[in-house]
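# Tertiary structure, described
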Amino acid sequence: MSKVISYHIDVLFGDCDPAGIVFFPNFLKWMDASSLNFFMQCGLPPWRAWTEPANMIGTPLIEIRTQFHKPATYGETLTVHTEITEFARKTFTHRHQVKRGEQLICEGTEIRAFCTRDPATGIVKAIPLPDVVLRQCR
């Protein structure tokens, strides 16, 4: 449903557990980084630079699912392939495939919402997906 954007990771020694296998939270960190990279590569500005809608804070996670297929270790280059598989009224679903070459290492889906902060109350609320997001990301 959307463009597919790639984000490259050079796995470092510090990304791994004592057995030399990538510590699983790093995959979540890389998928989160790939999520923001997706929007920036689609031509959207960083969240803090948005003026319409005002007070944009970003796209917080609502739900995440991850499945691990193969281990990875330091010295390898991984690529996260990210796309939006569903646009809903206030949410969207990001699909991430982490690969080493053509080999699938990990895959995950995230449901996220576009959110702003009310300047008077500080309350964060989900907003309808901005039209610019739909235009730029499809």
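See the structure above.
Here we summarise the structure given alongside this text. (Residues numbered from 1 in each chain as written. Predicted model: local features only at pLDDT ≥ 70, side-chain atom pairs only at ≥ 80, totals over all residues. Heavy atoms only, no water.)

It is worth spelling out the sheet that holds strand β1 (residues 5–10) at this point. Spatial ordering of the open sheet is given by β1-β4-β5-β6-β3, a layout of five strands whose pairing is antiparallel. The sheet is open, and its two borders are formed by β1 and β3 (61–68), each paired with just one other strand. Across this sheet, the average inter-strand angle for adjacent strands is 20 degrees, counted without regard to direction. Direction of pairing for β3 relative to strand β6 (residues 103–113): antiparallel, over a ladder of seven bridges. (Pairing = 2+ DSSP bridges. Helix = DSSP H or I, 4+ residues; strand = E, 2+ residues; numbered from the N terminus. Axes fitted to C-alpha atoms, helices over the stretch in contact; angles between N-to-C directions.)

In this section: the side chain of Lys99. On the secondary structure map, Lys99 appears in strand β5 (residues 91–100). Buried and unpaired, Lys99 has Glu102 as its nearest opposite-charge partner, separated by 4.6 Å. Filtering out sequence-adjacent residues up to four positions away, Lys99 remains in contact with Thr77, Leu78, Thr79, His81, Leu104 and Ile105. (Buried < 20%, exposed > 50% of the residue type's maximum accessible area, 1.4 Å probe, protein only. Lys, Arg positive; Asp, Glu negative; His and termini not counted. Salt bridge = Lys/Arg side-chain N within 4 Å of Asp/Glu carboxyl O. Contact = heavy atoms within 4.5 Å.)

By the secondary structure assignment, Ile64 is in strand β3. By relative accessible area, which is 35% here, Ile64 ends up partly exposed. For the pair formed by Ile64 and Phe24, sequence separation is 40 residues and the distance between their alpha carbons is 14 Å. Ignoring any residue separated from it by four or fewer positions in sequence, one finds Ile64 in contact with Leu28, Thr109 and Glu110.

Under the counting rule described, the total for this entry stands at 12 aromatic pairs. With centroids separated by 5.5 Å and ring planes inclined at 75 degrees, the aromatic side chains of Phe27 and Trp30 adopt a geometry described as edge-to-face. With Phe27 and Trp30 both in helix α1 (residues 25–41) and three residues apart, the pair spans about one turn of that helix. Exposure remark for Phe27: the relative accessible area of 4% places this residue in the buried category. (Phe/Tyr/Trp six-rings, centres within 6.5 Å; stacked < 30°, edge-to-face > 60°.)

Our next topic: the side chain of Thr79. With respect to the helices and strands, Thr79 occurs in strand β4 (residues 77–87). Under the relative-accessibility criterion, Thr79 is labelled buried at 13%. A polar contact is formed between the side chain of Thr79 and the side chain of His8, at a distance of 3.0 Å. (Polar contact = N/O pair within 3.5 Å; in protein donor to acceptor, adjacent residues only side chain to side chain.)

Let us look at the pattern of salt bridges. In the structure shown here, the tally under the stated rule is five salt bridges. Across the pair Glu63 and Arg65 runs a salt bridge whose closest N-O atoms are separated by 2.5 Å. For Glu63, a relative accessible area of 30% corresponds to the partly exposed category. The class of Arg65 is exposed, set by a relative accessible area of 54%. The residue Arg100 makes a salt bridge to Glu76 at a minimum N-O spacing of 2.9 Å. Residue Arg100 is found in strand β5, and its partner Glu76 is found in the loop between β3 and β4; the two are separated by 24 residues along the sequence. What you see here is one network of salt bridges that share partners, running through Asp32, Glu110 and Arg112.

With that settled, consider a nonpolar patch on the surface. On the surface, Phe23, Phe24, Leu28, Leu61, Ile64 and Phe68 cluster together into a nonpolar patch covering about 530 Å² of accessible area. Sort the elements by how many residues they give to the nonpolar patch and β3 lands first, with three residues. Structurally, Phe24 can be placed in the loop between β1 and α1. Overall, Phe24 belongs to the partly exposed group, its relative accessible area being 48%. (Patch = residues over 30% accessible without salt bridge, like charges linked within 9 Å, V, L, I, M, F, W, Y side chains within 5 Å. Areas by Shrake-Rupley, 256 points an atom, 1.4 Å probe, with all protein chains shown as cover.)

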